[in-house]
Amino acid sequence: MRMVDVIDHKRNGGTLTNEEIKFFVDGVVDGSIPDYQTSALLMAIYFNGMADGEQAELALQMLKSGDQLDLSAIPGIKVDKHSTGGVGDKTSLPLAPMIAALGIPIPMISGRGLGHTGGTLDKLEAIPGFKVELSEEQFKQQVKDIHLAIVGATGNIAPADKKIYALRDVTDTVDSIPLIAGSIMSKKIASGTDALVLDVKTGSGAFMKTEDQARALAKALVSIGKSAGMDCMALISDMNQPLGRMIGNALEIQETIAILKGEGPEDITDLVLTLGSQMVVLAKKAETLSEARKMLQEVVANGKALESFRQMVSAQGGDPRVVDDPTIMPQAKYKVDLPAKSSGVISKMTADEIGVASMLLGGGRQKADDKLDYAVGIELKKKVGDSVKKGEPLLTIYADREEIDNVKTLLYDNIEIADSAEPIKLIHEIIK
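Residues numbered from 1 in each chain as written. Predicted model: local features only at pLDDT ≥ 70, side-chain atom pairs only at ≥ 80, totals over all residues. Heavy atoms only, no water.

The name an unreviewed UniProt entry assigns to the protein is Pyrimidine-nucleoside phosphorylase, from the organism Secundilactobacillus mixtipabuli. The UniProt entry for the protein carries the following comment under Cofactor (unreviewed entry): "K(+)". (UniProt positions renumbered as here; feature names shortened; annotations may be inferred.)

Quick look at the overall build of the protein
Helix and strand counts for the protein come out as 16 helices and 13 strands. Expected size for 432 residues packed as a compact globule is a radius of gyration near 22 Å; at 22 Å, the protein falls within 12% of this value. Put simply, the protein has 432 residues, and 56% of those count as buried. When the accessible area of the protein is evaluated, it comes to approximately 17700 Å², of which 49% is carbon and sulfur surface. (Helix = DSSP H or I, 4+ residues; strand = E, 2+ residues; numbered from the N terminus. Rg over C-alpha atoms; globule rule 2.2 N^0.38 Å. Buried < 20%, exposed > 50% of the residue type's maximum accessible area, 1.4 Å probe, protein only. Areas by Shrake-Rupley, 256 points an atom, 1.4 Å probe, with all protein chains shown as cover.)

Side note on the packing of helix α9 (residues 177-190) against helix α10 (residues 211-227)
Remark: α9 packs on α10, axes separated minimally by 9 Å, with the N-to-C direction vectors making an angle of 40 degrees. When the interaxial angle is binned, α9 and α10 end up oblique. Remark: the crossing between α9 and α10 carries right-handed chirality. Between α9, through I177, I180, A181, G182, I184, M185 and I189, and α10, the contact on the second element is made entirely by Q213, A216, L217, A220, L221, I224 and G225. Of the residues in the contact of α9 with α10, the class split is 11 nonpolar, 3 polar and no charged. (Axes fitted to C-alpha atoms, helices over the stretch in contact; angles between N-to-C directions. Parallel < 35°, antiparallel > 145°, perpendicular 65-115°, else oblique. Left-handed = near helix turned anticlockwise from the far one by under 90°. Contact = heavy atoms within 4.5 Å. Nonpolar A, V, L, I, M, F, W, Y, C, P; charged D, E, K, R; others polar.)

Focus: the sheet that holds strand β1 (residues 79-83)
Pairing is mixed across the open sheet formed by 4 strands, whose spatial order is β1-β4-β5-β13. On the outer flanks of this sheet lie β1 and β13 (427-431), each paired with one strand and no other. Neighbouring strand axes in the sheet, compared pairwise and without regard to direction, differ in orientation by 15 degrees on average. For β1 and strand β4 (residues 195-202), the ladder comprises 5 bridges, and the chain directions are parallel. Residue V79 lies in a different strand from β4, and its bridge partner there is A195. (Pairing = 2+ DSSP bridges.)

Describing the nonpolar core
It is characteristic of soluble globular proteins that their nonpolar side chains tend to be buried jointly. Among the nonpolar cores identified, the biggest contains 80 residues, and M98, I99, I127, I378, L395 and L411 are the most heavily contacted of them. Looking at which domains feed residues into this core, each of domain 2 (79-323) and domain 3 (330-418) gives three or more. Every residue in contact with I99, bar those within four places of it in the chain, is listed here: V79, I104, I106, G276, M279, V280 and L296. Membership of the second largest hydrophobic core comes to 36 residues, among which are A59, L69, A181 and A218. (Core = buried A, V, L, I, M, F, W, Y, C linked by side-chain atoms within 4.5 Å. Domains from an automatic or database assignment.)

Some words on the pattern of salt bridges
A complete count under the given rule lists 28 salt bridges for this structure. When the shortest N-O distance is used, the salt bridge between R112 and D122 registers 2.9 Å. Here R112, found in the loop between β2 (106-109) and α6 (120-124), pairs with D122, found in helix α6; they are 10 residues apart in sequence, far enough to count as distant. By relative accessible area, D122 is classed as buried at 2%. Linked through salt bridges whose partners overlap, the residues forming this network are K90, K123, E252 and E255. (Salt bridge = Lys/Arg side-chain N within 4 Å of Asp/Glu carboxyl O.)

Side note on the pairing of strand β3 (residues 148-151)
A two-sided burial pattern is seen for β3, the buried positions comprising L148 and I150 on one face and A149 and V151 on the other. In this sheet, β3 lies alongside β2 in parallel orientation, the contact comprising 4 bridges. Looking at the pairing, P107 lines up with A149 of β3.

Here's the deal with the side chain of T350
Summarising the element assignment, T350 is placed in the loop between β8 (344-349) and α15 (351-363). Since its relative accessible area comes to 13%, T350 is described here as buried.

Quick notes on helix α13 (residues 289-301)
Taking 1.5 Å of rise per residue, 13 residues should cover 18 Å, and α13 covers 18 Å from first to last C-alpha, within 8% of that figure. Within α13 the residues assigned to the buried category are A292, L296, V299 and V300. The buried residues of α13 occupy an angular sector of 105 degrees when projected down its axis, which confines them to one face. Turned more than 90 degrees off the buried face of α13, the exposed positions are K294, E298 and A301. In this structure, the buried residues of α13 make contact with α5 (92-101), α11 (249-260), α12 (266-282) and α14 (304-315). (Expected span 1.5 Å × (residues − 1). Arc of directions from axis to C-beta.)

Some thoughts on the sheet that holds strand β6 (residues 246-247)
Spatial strand order, β6-β9-β11-β7: 4 strands in an open sheet with antiparallel pairing. Where the open sheet ends on each side, the last strands, each with one partner, are β6 and β7 (334-339). Strands in contact with α15 are β6, β9 (377-380) and β11 (393-399); relative to β9, the strand with the most contacts, it is inclined by about 140 degrees.

What follows is the structure, given as structure tokens:
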């Protein structure tokens, strides 16, 4: 088989065979296929797409290119959740302890943030001493012991994806649904969980800007999961404005603790309970979503979910006092309110640009090796649909430098005040 023939087949709109996909992935991993030919096939896939079977086979071959976790020694149905990312999206942090508090094992392999989106691992590292790197044996033992661990990828999971992703980034083929789906699902299937709930974001702060794009991606992800024997469903949720009130690493841990105490913002609490209910049903701990939701609300009310979070922090070397005193995390030197320039109703808060504002403060990365300032970020005082008076604070900026005029300008440019506002629907659709 020649790589040029594989490229020709896809360039002309054909459906790649399983043998062609395996040949391609093997060649990427062993270096026998040069980057320019890999890039050519990625571009052909970008323009011509892939059928369901092709997408599934690509994910499967990328999965087989590296290590796979065997979690069979952990009793029970292992469940996980994956989000396609957004601004203020700390959903995994309160969700995982709630699920674990019900005795459901949740082995979660998470990532770091880049650009306007935050990463779960970065947020956890705002807790003094917290370690996101565990050995495979430590990871499994912790999930056995306390039903929960949130870590970075260990070993050599989906090495083909690492190489392909690096080329997608420089060839402008990142936003190809088959390639996104293959990248996500090869790693999720390799992580060894039995069931997966996907939170596919749509809107200004999401990778998928339109609902049609989000639906296509959700269907591709679920199709791949099911073809690999995984119990899988997806939920499309809104990311036109930031989720919750806090944006920034230590600030989002603070909000996580509030959610686990039953004191969190309404929107993110609703999303956590909606995703969590699906996970509880997939784990066969409840027969209906309403029963599952009540179970989750109960472990918040009786403090078991918060205790589960504390146990995870302690098990991974973090300071458990953070649960009672979030100020042990890094604190910003300056807190600056951004006053409204007029009275009215908040009609728009462009999520991605507000995320960029937090990044400019030092709370996110412009390049993969950028150092983070865990203390900085933004606290929203108003959200879409809220009324505001001139001079009233729209938000508070947490900064470690006095000169933040560029951040203020960016925020003013991306918050609109009008006479009325269209309500934002948080949950758009469920895909099974």
